[in-house]
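# Report on the structure
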Amino acid sequence: MGATFEPMPTAEAWQMSNPPILSMAAIRASLDLFDKAGMASLRQKSEKLTAYLFFLVNHLEDEAIRVITPEKPGERGCQVSLQMLQPNKDLFAYLTNEGVVADWREPDVIRVAPVPFYNTFQDVWHFYTILKKGLTTLH
């Protein structure tokens, strides 16, 4: 036979079914900001930021990395994956030390995401200059 469910007879039962109000207030404020910005506007900016990042990285003419994220906006989100063709984590460590928040995926991918809600085209350019310097420095 299956397990039986015994309800908690104390106030702890409410903790399991109701999220804390302070956490919900932060989520509500976040959702209000997204409503104000508009998802269509955010998606449009996301496509432009990512296209700009694609453009810059593709003009590096560096054979150490390549973009493996689909270039067509309908086939991706705002995240861009850079494959290291001679895998090591030195470039990732360099980016991290320069203040870039990225993600390393084994065995050879650095993922970056220009987030449309708060990143700018200037931020993408700044990342590009850091990436370019890192590639030059580490060769």
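Calculation rules
Residues numbered from 1 in each chain as written. Predicted model: local features only at pLDDT ≥ 70, side-chain atom pairs only at ≥ 80, totals over all residues. Heavy atoms only, no water. Patch = residues over 30% accessible without salt bridge, like charges linked within 9 Å, V, L, I, M, F, W, Y side chains within 5 Å. Areas by Shrake-Rupley, 256 points an atom, 1.4 Å probe, with all protein chains shown as cover. Salt bridge = Lys/Arg side-chain N within 4 Å of Asp/Glu carboxyl O. Helix = DSSP H or I, 4+ residues; strand = E, 2+ residues; numbered from the N terminus. Pairing = 2+ DSSP bridges. Axes fitted to C-alpha atoms, helices over the stretch in contact; angles between N-to-C directions. pLDDT = per-residue confidence, 0-100. Expected span 1.5 Å × (residues − 1). Buried < 20%, exposed > 50% of the residue type's maximum accessible area, 1.4 Å probe, protein only. 1 Å grid on protein atoms, 1.4 Å probe; cavity = no way out; pocket = protein on both sides within 12 Å on 5 of 7 lines; lining within 4 Å. Points joined across faces, edges and corners; volume = space filled by probe spheres on them. Nonpolar A, V, L, I, M, F, W, Y, C, P; charged D, E, K, R; others polar.

## As for a nonpolar patch on the surface
A cluster of nonpolar side chains, contributed by I21, L22, M24, I27 and L31, occupies part of the molecular surface with about 530 Å² of accessible area. Mapped onto the fold, I21 is located in helix α2 (residues 21-37).

## Observations concerning the sheet that holds strand β1 (residues 65-67)
With antiparallel pairing, the four strands of this open sheet are ordered in space as β1-β2-β4-β3. For this open sheet the edge positions go to β1 and β3 (103-105), each flanked by a neighbour on one side alone. Direction aside, neighbouring strands of the sheet carry axes that sit 30 degrees apart on average. In this sheet, strand β4 (residues 109-112) lies alongside β3 in antiparallel orientation, the contact comprising three bridges. Residue pairing for β4: W104 is matched across the bridge by I110.

## Section: the confidence of the model for the chain
Residues at a pLDDT of 70 or more form 90% of the chain, whose mean pLDDT is 89. Per-element confidence in the chain is highest for β4, whose mean pLDDT is 97, and lowest for helix α1 (residues 12-17), whose mean pLDDT is 63.

## As for α2
In this model α2 runs 24 Å from its N-terminal to its C-terminal C-alpha over 17 residues, within 8% of the 24 Å that 1.5 Å per residue would give. At the exit of α2 stands G38, carrying a positive phi of roughly 85 degrees.

## A closer look at the pairing of strand β2 (residues 80-84)
Judged by how many residues are buried, β2 sits mostly within the fold: five of five residues are covered. Residues of β2 alternate between two faces, with V80, L82 and M84 on one and S81 and Q83 on the opposite face, all of them buried. Direction of pairing for β1 relative to β2: antiparallel, over a ladder of three bridges. Paired with V67 across the two strands is L82, which belongs to β2. Pairing of β2 with β4 involves four bridges; the strand directions are antiparallel. The partner of S81 across the bridge, within β4, is R111.

## Structural notes on the layout of surface pockets
Computed from the structure, the largest pocket encloses a volume of approximately 420 Å³. At the level of secondary structure, the elements contributing two or more residues to the lining of the largest pocket comprise β4 and α5 (121-138). Ranked by the residues each element gives to the lining of the largest pocket, the list is headed by α5, at five residues. One number sums up the size of the second largest pocket: a volume of about 150 Å³. Of all the secondary structure elements, the ones that give two or more residues to the lining of the second largest pocket are α4 (90-97) and α5. Top contributing element to the lining of the second largest pocket by residue count: α5, with three residues. Tallied by class, the residues present in the lining of the second largest pocket amount to five nonpolar, four polar and one charged.

## Some thoughts on the pattern of salt bridges
As enumerated under the stated definition, the model contains five salt bridges in all. Close ionic contact of D32 with R28 constitutes a salt bridge, the shortest N to O distance being 3.1 Å. Note that D32 and R28 are positioned in helix α2 at a spacing of four residues, about one turn of the helix. Look at D32 and you get partly exposed, because its relative accessible area is 37%. The partner of D103 in a salt bridge is R111, with the nearest N and O atoms 2.8 Å apart. Under the relative-accessibility criterion, D103 is labelled partly exposed at 24%. When its relative accessible area of 27% is taken as the criterion, R111 is described as partly exposed. Among the charged side chains, a network of salt bridges with common partners joins D103, R105 and R111.

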